[in-house]
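Residues per chain are reported as follows:
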Amino acid sequence: MCLFFLCRQVVWLIAFQPVRLPVCRFTMGIKAALPRYELYLYTAVLGVALIWAGSWIFDASSENVNRKAFKESVKPGWHYFGRKMDVADFEWMMWFSTFRNHILFALAGHVIFAKIFTLLAPKHRSLIFGIYGGLAVLVTMGWTFVTLVLSHCIILYSIAMVKSKWMCFAAGLATLASIKLEPYNSWQESLVTGSFDLQDILFYGGCGFSIMRCMSFALENCEKKDGNFTFSDLLKYNFYLPFFFFGPIMTFDRFHAQVNNTQLIRKDKELWNITTKALLHLGVILVVDVFFHYLYILTIPSDVKLVTKLSDWCLAGLAYSNLVYDWVKAAVMFGVINTVSTLDHLDPPQPPKCITMLYVFAETHFDRGINDWLCKYVYDYIGGDHDKIFKELLATFCTFAITTLWLGPCELVYIWSFFNCFGLNFELWVAKFFSLPPFSIIEGAMGEAMSRRIRGVFNAANFWTIVLYNVLSLNSLEFAKLVGRRLIFKGFPLSSLSVLLVTYCGVQLVKERERHQALLDDPEPVKPVDAGKEKAE
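What counts as what
- Counting of residues starts from 1 at the beginning of each chain's written sequence and follows it residue by residue.
- Only residues with pLDDT of at least 70 get local features here, since the model is predicted, and only at 80 or more are side-chain atom pairs given and counted; chain-wide, interface and lining totals rely on the full set of residues.
- Processing note: side-chain calculations cover all non-hydrogen atoms of the structure and skip hydrogens and water entirely.
- The numbering of helices and of strands both runs from the N terminus, where a helix is a DSSP run of H or I of at least 4 residues and a strand a run of E of at least 2.
- With C-alpha atoms as the basis for the radius of gyration, the globule rule is written as 2.2 Å multiplied by the number of residues raised to the power 0.38.
- Relative accessible area decides the class of each residue, using a 1.4 Å probe on protein chains only: under 20% of the type maximum gives buried, over 50% gives exposed, and in between gives partly exposed.
- Two residues qualify as a contact provided that any one of their heavy atoms is within 4.5 Å of a heavy atom in the partner residue.
- Calculation of accessible area relied on Shrake-Rupley with a 1.4 Å probe; when residues are assessed, cover is drawn exclusively from the protein chains displayed.
- In this tally, Lys and Arg are treated as positive and Asp and Glu as negative; His is ignored, and so are the chain termini.
- Taken as the charge centre is NZ of Lys, CZ of Arg, CG of Asp or CD of Glu, depending on the residue.
- For this analysis, a polar contact is any N or O atom pair within 3.5 Å, provided that within protein one partner can donate a hydrogen and the other can accept it, and provided that sequence-adjacent residues contribute only side-chain to side-chain pairs.
- Here, a salt bridge means any side-chain nitrogen of Lys or Arg that lies within 4 Å of a carboxyl oxygen of Asp or Glu.
- UniProt positions are given in the numbering used here, feature names are shortened, and annotations may be inferred rather than shown by experiment.
- Here, axes are lines fitted to C-alpha atoms. For helices the fit covers the stretch in contact, and angles between N-to-C directions go from 0 to 180 degrees.
- Throughout, the term roughly parallel applies to angles under 35 degrees, roughly antiparallel to angles over 145, roughly perpendicular to angles from 65 to 115, and oblique to all others.
- We call a crossing left-handed when the near helix sits turned anticlockwise from the far one by less than a right angle, and right-handed when that turn is clockwise.
- Each residue receives one of three labels: charged for Asp, Glu, Lys and Arg, nonpolar for Ala, Val, Leu, Ile, Met, Phe, Trp, Tyr, Cys and Pro, and polar for the others, Gly being one of them.
- We define the nonpolar core as a collection of buried residues of types Ala, Val, Leu, Ile, Met, Phe, Trp, Tyr and Cys that are connected through side-chain atoms lying within 4.5 Å of one another.
- An automatic or database domain assignment supplies the start and end points of every domain.
- Side-chain rings of Phe, Tyr and Trp (the six-membered ring for Trp) are treated as a pair once their centres are within 6.5 Å; stacked means planes under 30 degrees apart, edge-to-face means over 60, and tilted covers the remaining angles.
- Patch members must show over 30% relative accessible area and no salt bridge, and they are joined within 9 Å when carrying like charges or within 5 Å when they are nonpolar side chains of Val, Leu, Ile, Met, Phe, Trp or Tyr.

Participant: What is the right way to look at the overall build of the protein in this model?
Facilitator: Within the protein, the secondary structure is distributed over 24 helices and two strands. For the protein, the C-alpha radius of gyration of 25 Å lies close to 24 Å, the compact-globule estimate for 537 residues. Considering only C-alpha atoms, the protein reaches an extent of 70 × 70 × 45 Å along its principal axes. Classification of the 537 residues of the protein by burial places 52% in the buried group. Contacts in the protein between residues at least 24 apart in sequence constitute 79% of all its contacts with a sequence separation of at least 6. As presented, the protein carries roughly 25,900 Å² of accessible surface, and 69% of it is formed by carbon and sulfur atoms. Once the 49 positive and 44 negative side-chain charges of the protein are each reduced to a mean point, those two points are 2 Å apart.

Participant: What's the story with the environment of Arg 266 in this structure? I'm lost.
Facilitator: Of note, Arg 266 is situated in the loop between α13 (252-259) and α14 (270-291). Residue classification places Arg 266 among the partly exposed residues on the basis of a relative accessible area of 23%. Sequence separation of Arg 266 and His 345 is 79 residues, and the distance between their C-alpha atoms is 7.9 Å. When residues no more than four places from it in sequence are discounted, the contact partners of Arg 266 are Leu 271, Ile 274, Thr 342, Leu 343 and His 345. A polar atom in the side chain of Arg 266 sits 2.9 Å from the backbone oxygen of Thr 342. Among the polar contacts made by the side chain of Arg 266, one reaches the main-chain carbonyl oxygen of Leu 343 at a distance of 2.8 Å.

Participant: I would appreciate a short explanation of the pattern of salt bridges in the present structure.
Facilitator: Where side chains of opposite charge bring their charged atoms close, a pairing between them can arise. Evaluation of the coordinates by the stated rule reveals 15 salt bridges. With a closest N to O distance of 2.4 Å, Arg 67 and Asp 303 form a salt bridge. Here Arg 67, found in the loop between α3 (36-63) and β1 (74-76), pairs with Asp 303, found in the loop between α14 and α15 (304-307); they are 236 residues apart in sequence, far enough to count as distant. Since its relative accessible area comes to 24%, Arg 67 is described here as partly exposed. Classification of Asp 303 by relative accessible area gives buried; the value is 9%. Where Lys 236 meets Asp 233, a salt bridge forms, and the shortest distance between an N and an O atom there is 3.8 Å.

Participant: Which parts of the structure should I look at to understand the UniProt feature "transmembrane region" (unreviewed entry) in the protein?
Facilitator: Under the present numbering, the feature "transmembrane region" (unreviewed entry) in UniProt falls on residues 39-58, 103-121, 127-157, 239-257, 278-298, 389-407, 454-472 and 492-510. Taken end to end, residues 278-298 is 67% helix and 0% strand, and its first and last C-alpha atoms sit 26 Å apart. This span, residues 389-407, is 100% helix and 0% strand, and a straight line between its end C-alpha atoms measures 27 Å.

Participant: Teacher, can you tell me more about the packing of helix α19 (residues 411-434) against helix α21 (residues 448-474) here?
Facilitator: Pairs of packed helices are described in terms of their axes, by the angle between the two and the distance that separates them. Packing of α19 against α21 leaves a shortest axis separation of 8 Å and a crossing angle of 160°. Considered as vectors, α19 and α21 are oriented roughly antiparallel to each other. When the axes of α19 and α21 are compared, the crossing they make is left-handed. Each of Leu 412, Ile 415, Trp 416, Phe 419, Asn 420, Phe 422 and Glu 427 in α19 lies in contact with α21, whose residues at this interface are Asn 462, Tyr 469, Asn 470, Leu 472 and Ser 473. Taken together, the residues of the contact of α19 with α21 sort by class into seven nonpolar, four polar and one charged.

Participant: Would you explain the nonpolar core in this entry?
Facilitator: One recurring pattern in soluble globular proteins is that nonpolar side chains are buried together. Among the nonpolar cores identified, the biggest contains 142 residues, and Phe 145, Ile 300, Trp 373 and Trp 464 are the most heavily contacted of them. At 16 residues, the largest contribution of residues to this core is made by helix α16 (residues 312-343). Residues from two domains meet in this core; each of domain 1 (1-91 + 272-521) and domain 2 (123-260) gives at least three. In contact with Phe 145, not counting residues within four places along its chain, are Val 137, Val 192, Leu 202, Phe 203, Gly 206, Cys 207, Phe 244 and Phe 245.

Participant: Is there a simple way to explain the packing of aromatic side chains in this structure?
Facilitator: The description of an aromatic ring pair rests on the distance of the ring centres and on the angle between the ring planes. In total, this model carries 43 aromatic pairs according to the counting rule given. Relative to Phe 255, the ring of Tyr 237 has its centre 5.3 Å away and its plane inclined at 50°; by these criteria the two rings are tilted. Taken together, the positions of Tyr 237 in helix α11 (residues 231-238) and Phe 255 in helix α13 put the pair 18 residues apart, joining distant regions of the chain. Like Tyr 237, the residue Phe 255 is buried in the burial classification. For the pair Phe 422 and Phe 426, a centre-to-centre distance of 5.4 Å together with 25° between the ring planes defines the contact as stacked.

Participant: How should I be thinking about a nonpolar patch on the surface in this particular structure?
Facilitator: Residues Ile 389, Phe 390, Leu 393, Phe 418, Phe 419, Phe 422, Phe 426 and Trp 429 make up a contiguous nonpolar surface patch of roughly 780 Å² in combined accessible area. Taken together, the elements giving at least two residues each to the nonpolar patch come down to α18 (389-407) and α19. Ranked by residues supplied to the nonpolar patch, first place goes to α19 with five residues. Take Phe 418: its relative accessible area is 54%, and that puts it in the exposed class.

Participant: In this structure, what is going on with the side chain of Asn 221? I would like to understand it.
Facilitator: Relative to the helices and strands, Asn 221 resides in helix α10 (residues 199-223). Residue classification places Asn 221 among the buried residues on the basis of a relative accessible area of 0%. Of note is the side chain of Asn 221, whose polar atom sits 3.0 Å from the backbone oxygen of Ala 160. Discounting residues that sit within four places of it in the chain, Asn 221 has contacts with Ala 160, Met 161, Lys 163, Asn 228 and Phe 229.

Participant: Sorry if this is basic, but what is going on with unusual backbone geometry here?
Facilitator: Most peptide bonds take the trans form, and the phi angle of most residues other than glycine is negative. Between Gly 247 and Pro 248 the backbone carries a cis peptide bond, its omega angle lying at 0°. Relative to the elements of secondary structure, Pro 248 occurs in the loop between α12 (241-244) and α13. Here the amide bond leading from Pro 437 into Pro 438 is cis, since omega sits at 5°, within 30 degrees of zero. Mapped onto the elements, Pro 438 comes out in the loop between α19 and α20 (439-445). Phi at Lys 163 takes a positive value of approximately 60°, unusual for a residue other than glycine. With respect to the secondary-structure elements, Lys 163 resides in the loop between α7 (143-160) and α8 (165-178). Backbone geometry at His 386 places phi at a positive 60°, although glycine is not the residue there.

Here you go:
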């Protein structure tokens, strides 16, 4: 049960990595420029390497399509291609194939009812959202599930009235533990009658996110100086259908302020942007399905015998592509939900940052909603400015302790949490160490461009640390260990250094993109021409 639940929640897994850290840890010299020809070289190297690794994966997929181990996860695909399709990811197939019509029907109904009542009674639209969401959950899961969710709401609402943060946290975590640990979770799950393919996922997703929302409500109520929020406020917040089963999570303060805003005015070109994003998501879904006909990136790692025969480049490509795919899945799933909530005049959490853009643990997250939740109530609350080693250690430990409970404690989750917690703290330790003399003096003496290159080498190594630490949660511990051994030990020095070189090129291109964004956000002041003339005189 633990491993099955972990696989179902992989979209949320990396979401728990906190991101608000001191600027100096990863933005020093962010405006340092490199020569244009150097960036062209990096682009060429990266492009050739991606095509090379992709060709290895394509060959492995084509040559082993009829392999016995692929029988369950490689099925007949679109007849236009005449090839089988990788269907190993149940969650992707659930959203965009098996239960696509059911999900679209529920969300379309929400959009229609929300639009009608927003025009007729804008002051009561939050109530309509809650009623429609509650009825949809009731029809889908039955009255016993709704009663169970309401019992969680009543418990945490009662604790919220005491206005004690530690009691809210204790009650919330205890309630969360009741659906994650045996025998309590099995007992609660047995209360839900009926049997259909999505029931298990909807049960844990609905209960889990519901408890997190209730904790947000309780903690925000502790901050409210005058009176308390009402129980109806909690129900309207919790039963908002687009967020109910799969997230993302908006903290209660943001949701309450936005949903009760009666000044419902669209920004310029907002509907055009919503339509464009919806079409973009549709295009991405089609592209991913096409890729699944040619690259079996999800099925191959599950066959250990086959993986041991693959080249180092193929293994590196599989590890990287699995993380990229998981980001794409998160971006599309949350993007669809966010499109609906944007039509409701809400400002949902932004899309996740692409794994390709992540070369520090401090920015690793796939779900900005749950990331904001943890940063606000745990990580920032304990860690402060995140510049003190022991406070940072305590903050990350508490954050990943909650992560472990959310995912369901088991060996794989323990390993994932430990290494990611260590990586986050290790970055601070290294930053502190190299900020001391003589390293700080040496870096100050060298040019900004050279400093950027040296930092890029460390960032490239850090990128693969992030990949290896997180690929074990996406595939298996055996696959992660095999990739690590091949790239670090058996493949040294040729494979190790070549992969590191390609990653270094990619990191520098990401840094260049960040440099352009930094110049847009904070343009450098232009020196007056007259001042230069006066000095010359």
